[in-house]
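Coordinate analysis (summary)
So the chains spell out like this:
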Protein chains: 2
Amino acid sequence: MDEISFTPRELDVMSILWRAGSGTVSEVRDALGEALAYTSVLSVLQTLEEKGHVRHESEGRAYRYFPTVEPEAAGDSALARIRDAIYQGSAEMLFAQLVSDRGLGRPELERMRRMLAERLKEEES
Amino acid sequence: MDEISFTPRELDVMSILWRAGSGTVSEVRDALGEALAYTSVLSVLQTLEEKGHVRHESEGRAYRYFPTVEPEAAGDSALARIRDAIYQGSAEMLFAQLVSDRGLGRPELERMRRMLAERLKEEES
DNA sequence: TCCTGTCAACGGGTTCTTCCGTAGTAGGTG
DNA sequence: CACCTACTACGGAAGAACCCGTTGACAGGA
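These numbers come from a predicted model, not from an experiment. (Residues numbered from 1 in each chain as written. Chains lettered and ligands numbered in written order. Predicted model: local features only at pLDDT ≥ 70, side-chain atom pairs only at ≥ 80, totals over all residues. Heavy atoms only, no water.)

A closer look at the protein's contact with DNA strand D
Around DNA strand D lies a shell of 20 residues, among which Tyr38(A), Gln46(A), Thr7(B), Arg9(B) and Ser43(B) are the nearest. Within 4 Å of the protein, the atoms of DNA strand D are drawn from sugar and phosphate moieties in a proportion of 69%. The side chain of Ser40(B) places a nitrogen or oxygen atom 3.0 Å from a phosphate oxygen of DNA strand D. For the surface near DNA strand D, the elements supplying multiple residues, two or more each, are helix H2 (25-31), helix H3 (38-50) and strand E3 (62-67) of chain A together with helix H1 (8-20) and helix H3 (38-50) of chain B. No other element matches the five residues that H3(A) contributes to the surface near DNA strand D. Tallied by class, residues from the surface near DNA strand D come to eight nonpolar, eight polar and four charged. (Near = heavy atom within 4 Å. Polar contact = N/O pair within 3.5 Å; in protein donor to acceptor, adjacent residues only side chain to side chain. Helix = DSSP H or I, 4+ residues; strand = E, 2+ residues; numbered from the N terminus. Nonpolar A, V, L, I, M, F, W, Y, C, P; charged D, E, K, R; others polar.)

Some details on the interface of chain B and chain A
Each side of the interface is counted separately: chain B has 44 residues, and chain A has 44 residues. Across the chain B to chain A interface the summed buried area is about 4400 Å²; carbon plus sulfur atoms make up 67%. At the junction of chain B with chain A, the criterion picks out six salt bridges. Measuring nitrogen to oxygen at the nearest pair gives 3.2 Å for the salt bridge that ties Arg106(A) to Glu124(B). (Contact = heavy atoms within 4.5 Å. Buried area = accessible area lost by both parts, 1.4 Å probe. Salt bridge = Lys/Arg side-chain N within 4 Å of Asp/Glu carboxyl O.)

Some thoughts on the protein's contact with DNA strand C
Close contacts around DNA strand C come from 19 residues, with Thr7(A), Arg9(A), Ser43(A), Tyr38(B) and Tyr63(B) the closest. Within 4 Å of the protein, the contacting atoms of DNA strand C are drawn from sugar and phosphate to the extent of 72%. Thr7(A) places a polar side-chain atom, nitrogen or oxygen, 2.6 Å from a phosphate oxygen of DNA strand C. At 2.9 Å, a side-chain N or O of Arg61(B) approaches a base oxygen of DNA strand C. Of all elements in the fold, only helix H1 (8-20) and H3 of chain A together with helix H2 (25-31), H3 and strand E3 (62-67) of chain B reach the threshold of two or more residues within the surface near DNA strand C. Counting residues per element, the surface near DNA strand C draws most heavily on H3(B), at four residues. Among the residues forming the surface near DNA strand C, the class breakdown is eight nonpolar, seven polar and four charged.

Okay, structure coming up:
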């Protein structure tokens, strides 16, 4: 249990790195919704590196940053926190909320059903 | 879209209020895992009240605090943030992660399947 | 009456977060 | 060389979050 957590701004940046695989300061800055100063983005990246969530390599004169944390690990931590704090520890209740989303269409729901079936079959062992 | 969000400590406190329905400062303090000073807990509650997430009524000499936000609403906001930032907007990927949890037993998984089936039937309309 | 215990209000210290300006470095160009 | 540009390092301001001590109000008991 590594207790992964990010501040809102850090999450914005990590999200971009996960999506793209890596990024220079400028790339992250461009991908960011809000217009931040170059040095602001750099600061966030440096903080993330200090905390061990990203690393960098030199690329020409610039640094290229890579996430060192898998999104799945971050997701696990985040979901566990939500499950415990908001759904009183019940994955089922969280699940119910997820499934009740009106925005979900039939195809997604079908695929979810398939995943669940796979998982249940696997449970046999 | 009300953009509900809590700091970690605020979430601890809200969690207790949701669980119990309401609470005085002392009750929340006792229910809290960590040992905080009375006034620390009071501060959190006052901040939450300022932000409109709880309200209070007098009970004897003390205040009793009630959540004014439903956990479902907070859950929606939190799940949407995770979905967008960590799972690139895909509810399915989030779902896959949820289902892959080794801690889930057959009974939970069965109930999830039932919920999903209900939801799918409902989708017919 | 006086003391003790419980309570909310207030203020303040410390750290974290967010954002950016400035300074310094190094490469390329005229 | 002088100059411009793209980059990182550093420091710091402003505000949020976190935690608590002190104060004053009030009730109940000795």
